[in-house]
Each structure stands twice: as structure tokens, then as C-alpha cells.
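What the coordinates show
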Amino acid sequence: GRARRRQAAVLCLLLALLGVVGRLIWVHASAWANFDRGRAALGDDPAAARVYLDRCLETWPDSGEVHFLAGQAARRSGDLPAAQQYIDAAARCGWAESAIEVERALIKLQSGQLTGQEPVLLRCVHDGHPDAHLVLAVLVPAYMAEFRWVEADGLSRKWLDLRPDSAAAWTCRGEILERLRRLDEAVAAFRRVVELAPDDRPARLALARLVLEVRRPVGEAVEQLEWLTAADPGNPAVLVQLAACREVEGRPDEAAALLDRVIAGHAPDPKAFYYRGRLEMNRGRPAAALPFLRRGVDLDSSDPEVLYSLFLCLQQTGNPVEARVVEDRWKRCSADLTRARELGKAISAAPHDPDLRREIGELFLRNGRDRDGLRWLESALGQRPDHAPTHRALAAYYERTGQPTLAVRHRVLAAPPPVAGREQ
């Protein structure tokens with residue numbers, strides 16, 4: 001009896017040990033499965049990758065690699081504070097310092113802190129780091145946001161060398177080429193985006209718009225716009241571009257019907273009024289064109305083409321005084337646009353000069369393009385936060401637009417610092 005009891009006890013112990021071992025094997029197998037799923041999802045679905053990697057960390061809390069990958073997933077999902085925590089944990093767990101340095105620079109870059117991060121990230125790109133394409137996916141848009149088009153041009157080519165089938169890289173490339181006025185190349189870039197991502201509606205619209213702008217046969221533009229109309233019948237930007245195609249095709253009545261549909265909407269596109277007025281001008285009916293062109297200028301006074309059309313219309317309808325006023329506005333707007341192009345080239349050569357950025361920002365504000373103007377002024381402060389002329393320009397803008405709190409803030413920042421020893 002005693003021998004049997006010992007045997008039973010040993011058997012129970014073995015079964016218990018097998019249960020523990022089986023449990024450990026199951027737990028770690030699940031961790032491995034979550035690790036593999038997280039790593040696989042990191043490129044296409046970083047939010048899902050983070051879920052898998054968090055599950056993995058429940059089993060492997062001291063894994064530097066898992067913390068690092070979770071940090072990448074959080075950054076790509078836009079959760080930068082969490083990304084920083086994961087990367088700090090990866091560093092504590094002994095993950096590679098070079099990888100930590102690059103990821104921390106990317107987190108700061110996505111937080112809007114380009115200055116100071118460039119040397120690390122550019123070295124990563126030029127030294128052939130295995131994650132160089134991921135760095136470029138963040139660095140190129142950051143350069144674009146700062147209007148550093150020439151530098152972005154070179155980096156986008158590098159990105160495409162590494163990932164020739166990246167729709168995101170080709171999209172950035174197309175926008176850069178358009179800004180640099182290399183329109184034929186921009187058309188080719190957006191054509192490639194549409195090939196790689198057929199459901200990308202903004203890319204299809206950009207391709208159609210550029211085909212029209214370079215005055216190619218409009219068949220390709222029509223094909224894209226008809227696809228977009230089928231997908232989103234009420235999109236005003238699409239309908240306006242399709243109307244422009246119909247006019248080129250010699251179908252003015254169809255063009256007018258499309259534009260009238262846009263104009264009847266709640267938020268009409270300024271271009272709809274311009275094209276509608278131009279249709280009437282081409283029909284020899286300037287009086288009918290006049291209200292459309294006036295409304296187009298009211299909605300967007302920064303387009304010299306619209307101003308010039310209104311000027312011609314006023315001449316033909318016998319409004320010489322108003323025609324002279326609009327002529328002056330058109331000439332000033334055209335001169336400002338020419339100067340803005342010159343400044344764009346100058347900024348490409350001297351991207352860190354805040355005065356150039358401040359001047360182009362003021363030009364945009366003067367012509368009613370407030371959003372662009374403010375972006376340029378903020379980018380000037382990004383290069384030099386204490387740049388007094390930019391703070392004065394912002395103070396004047398906020399005073400003019402009835403935002404006194406912001407105006408006072410920038411007036412204070414524009415004031416010279418007190419001289420040491422002077423009585424306050």
C-alpha cells in the first residue's frame with residue numbers, strides 16, 4: 001500500500017509538473033504568435049500591431065525588441081507620448097542604442113521638432129540603414145511641411161529607390177514636382193499612384209487636374225473624373241474639373257449644367273463661378289458673366305486669372321471705374337505671385353532664412369490666402385522662434401481678424417528684451 005501511495009504521489013507530482021510546463025509552453029507560444037503577428041502588421045496596420053505587441057509584453061515585459069517594435073507601432077499610429085514610453089523601456093532593456101537614437105529622433109520629428117533631428121536621420125538615410133525607407137516616410141513630409149521642396153525632391157527620389165512600389169512615396173513625389181512646376185513629371189507620378197492604389201481618390205483628382213493644367217488631350221482627365229463622379233456624385237471639386245473638361249470638349253451646355261449644380265450647393269467652389277463666368281464670356285454674353293465673376297473674386301481674391309477675367313468683363317459691360325480698380329488688384333496680385341515664386345526659389349537655396357518665409361507669408365495674407373500665409377509665418381518661427389518681424393506680422397493679422405489675445409501675445413514676443421540695469 002505504501003509503495004502504491006508513493007507511486008500515486010510521484011504520478012501526481014509529474015502531472016503537476018507537466019501541467020506547469022504545458023502552461024509555460026502555451027504562454028510562450030502565444031507570446032511568440034503575438035510577436036509574429038505584431039511584427040507582420042507593423043507596416044500596414046500599426047494600431048493592430050500595437051495590440052499584439054502589448055499582449056506579448058504581458059509575457060515578455062523585459063524584451064527590448066518588443067518594447068521597441070511597440071514604440072514604432074505607437075509612433076506610426078500617432079500616439080507619440082506612448083511611443084516615447086515604449087522606446088524608453090526598450091533602452092532600459094538594453095536594445096541597440098543606434099536604433100533607439102533614430103526612433104527618438106523620429107518621435108521628435110513627428111512632434112514638429114525638425115531642428116536638431118536632421119543630422120541623425122540624414123545619416124541614417126545616407127549610411128544605408130535597413131529602416132531608411134521608414135525614416136524617409138517621415139522626413140520627406142516634414143520637409144514638405146516646411147516648403148523645402150528642393151531637399152524634399154532629392155529625398156523622395158531616394159525613398160523611391162528603396163521602395164519603388166510605395167504609393168505614399170509616389171504621392172509625395174507628385175506633390176513635390178507640382179510645387180517645383182515640373183508638371184509633366186508630376187503627371188507621371190500621380191499616374192503611378194493611381195496604378196498602385198486605384199481607390200486613392202485624391203490622387204485621381206490630382207492627376208485629372210494636372211492633365212488639364214498641362215493642356216494635354218483631356219481624355220485621361222475625363223476617365224479619372226468620371227470614375228470619381230461614380231464613386232462620389234456630389235463632390236464639387238470633381239464636378240468643377242469635369243465641367244472644365246466638357247468645355248474643352250466643346251460641350252458648353254453640359255459644362256454649364258455641372259457648374260450650376262455646384263453653385264447651388266451649400267459651399268460652392270470659387271472656381272465654379274470663374275468657369276461659369278468664362279463660359280458666358282466665351283458665348284459673347286459679358287453681362288451674364290459679370291455676377292459669376294464678381295462672386296468668384298469675392299470668394300477668392302488671390303487668383304490673378306479670375307481677377308483678369310473680371311477686369312475684361314467690366315471693360316465690355318461699360319464699367320470703366322470699377323474696371324480700373326479691378327485692374328489694379330489684378331496687377332498687384334500678379335506681381336505678388338511673381339514675387340512669391342522668386343521667394344520660393346530663394347527659400348530652396350536658404351531654407352533656414354526666416355525673413356524669406358516671413359515675406360512670402362505676408363504676401364499670401366495680403367491676397368486673402370490666410371491659411372497659406374499663417375503656415376509660412378509659423379514656419380519662419382520654426383526656424384527662429386524669436387524672429388520679431390514675424391511676430392509683428394502675426395500680431396497685425398490677429399488684430400485685423402479680431403483675435404486680441406493672440407495679437408497681444410505676438411506683440412509681447414516681438415518686443416525687444418529689456419536692457420540689463422535699466423529701470424523697469
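Everything that follows concerns the structure shown earlier in this document.
These lines cover the structure that appears in this document, whether it is placed above or below. As the structure is a computational prediction, the values presented were derived from the model and not from experiment. Residue positions are given per chain, counted from 1 along the sequence in the order it is written. Note on the predicted model: pLDDT of at least 70 is required for a residue's local features to be given, and 80 or more for side-chain atom pairs to be given and counted; whole-chain, interface and lining totals, by contrast, use all residues. Remark: hydrogens and water are excluded; side-chain values derive from all non-hydrogen atoms of the structure.

Let's shift gears to empty space enclosed by the protein. Of the two site types, the cavity is a set of points on a 1 Å grid over the protein atoms alone where a 1.4 Å probe fits but cannot get out, and the pocket is an open set with protein on both sides within 12 Å along at least five of seven lines, each lined by residues with an atom within 4 Å of a point. Grid points are joined across faces, edges and corners, and a volume is the space filled by probe spheres set on the points. All told, the structure shown has one cavity of 30 Å³ or more when counted by the stated rule. There is about 90 Å³ of room inside the largest cavity. Along its surface, the largest cavity is lined by S302, C333, D336, L337, A340, L363, F364, N367 and R369. Helix and strand definitions here come from DSSP, where helices need a minimum of 4 consecutive H or I residues and strands a minimum of 2 consecutive E residues; each element is numbered from the N-terminal end. At the level of secondary structure, the elements contributing two or more residues to the lining of the largest cavity comprise α18 (320-349) and α19 (354-366).

With respect to the element layout, L177 can be found in helix α9 (residues 167-179). Working definition: with a 1.4 Å probe on protein chains only, accessible area under 20% of the residue-type maximum means buried, over 50% means exposed, and in between means partly exposed. Assessed through its relative accessible area of 2%, L177 is described here as buried. C-alpha separation for the pair L177 and W149, spaced 28 residues apart in sequence, amounts to 8.4 Å. Here L177 is in contact with R182, E185, A186 and A189, once residues within four sequence places are set aside. For this analysis, residues touch if any pair of their heavy atoms sits within 4.5 Å.

This part covers the layout of surface pockets. Roughly 2,500 Å³ of internal volume is contained in the largest pocket. Residue lining of the largest pocket: 50 residues in total, with E178, R181, R209, E213 and R369 positioned closest to the centre. Mapped onto the lining of the largest pocket, the elements with two or more residues apiece are α9, α11 (201-213), α13 (236-248), α15 (270-282), α17 (304-316), α18, α19 and α20 (370-383). Counted by class, the lining of the largest pocket contains 22 nonpolar, six polar and 22 charged residues. Charged residues are taken to be Asp, Glu, Lys and Arg, nonpolar residues to be Ala, Val, Leu, Ile, Met, Phe, Trp, Tyr, Cys and Pro, and polar residues to be all remaining types, Gly included.

Moving on to the packing of aromatic side chains. Only rings of Phe, Tyr and Trp enter the pairing, Trp through its six-membered ring, and a pair is recorded when the two centres are within 6.5 Å. The plane angle decides the type: under 30 degrees is stacked, over 60 is edge-to-face, the rest tilted. In this structure the tally under the stated criterion is eleven aromatic pairs. With a centroid separation of 5.9 Å and an interplanar angle of 90°, the aromatic rings of W32 and F35 are classed as edge-to-face. With W32 and F35 both in helix α1 (residues 2-41), this residue pair falls three residues apart, about one helical turn. Consider the rings of F147 and W376, whose centres lie 3.6 Å apart with planes at 15°: the pair is stacked. Within this pair, whereas F147 is found in the loop between α7 (132-145) and α8 (149-162), its partner W376 is found in helix α20, the two being separated by 229 residues in sequence. Ring pairing ties together the aromatic residues W32, F35 and W60, which thus form one cluster. When the NZ atom of lysine or the CZ atom of arginine is within 6 Å of a ring's centre and also within 35 degrees of its normal, the charge is said to sit over that ring. Looking at R148, its charged tip hangs above the ring of Y143, at a distance of 4.2 Å from the centre. Sitting above the plane of the W227 ring, R204 keeps its charged end 3.9 Å from the centroid.

With respect to the helices, strands and loops of the structure, N367 is situated in the loop between α19 and α20. The class of N367 is buried, set by a relative accessible area of 10%. Not counting chain neighbours up to four residues away, the residues in contact with N367 comprise S301, S302, C333 and D336.

A few words on helix α4 (residues 80-92). For a helix, the expected span equals 1.5 Å multiplied by the number of residues minus one. The end-to-end C-alpha distance of α4, which contains 13 residues, comes to 18 Å, matching closely the 18 Å that a straight helix rising 1.5 Å per residue would cover. Residues of α4 that are buried: L80, A82, A83, Y86, I87, A89 and A90. Buried residues along α4 sit in contact with α2 (46-59), α3 (64-77) and α5 (97-110). Nitrogen and oxygen atoms within 3.5 Å of one another constitute a polar contact, given that in protein one can donate a hydrogen and the other can accept it, and given that sequence-neighbouring residues count only through two side-chain atoms. The N-terminus of α4 is capped by D79, whose side-chain oxygen sits 3.3 Å from the backbone nitrogen of A82. Just downstream of α4 lies G94, where phi reads positive at about 90°.

Definition used for salt bridges: Asp or Glu carboxyl oxygen within 4 Å of a side-chain nitrogen of Lys or Arg. Inspection of the entire model under this criterion finds 39 salt bridges. Here R173 ties to D153 by a salt bridge, and the two come within 2.2 Å at their closest N and O atoms. Pair noted here: R173 is in helix α9 and D153 is in helix α8, with a separation of 20 residues, a long-range link. With respect to class, R173 is no different from D153; both count as buried. Where salt bridges share partners, they join D253, D260, R276, E280, R283 and R285 into one cluster.

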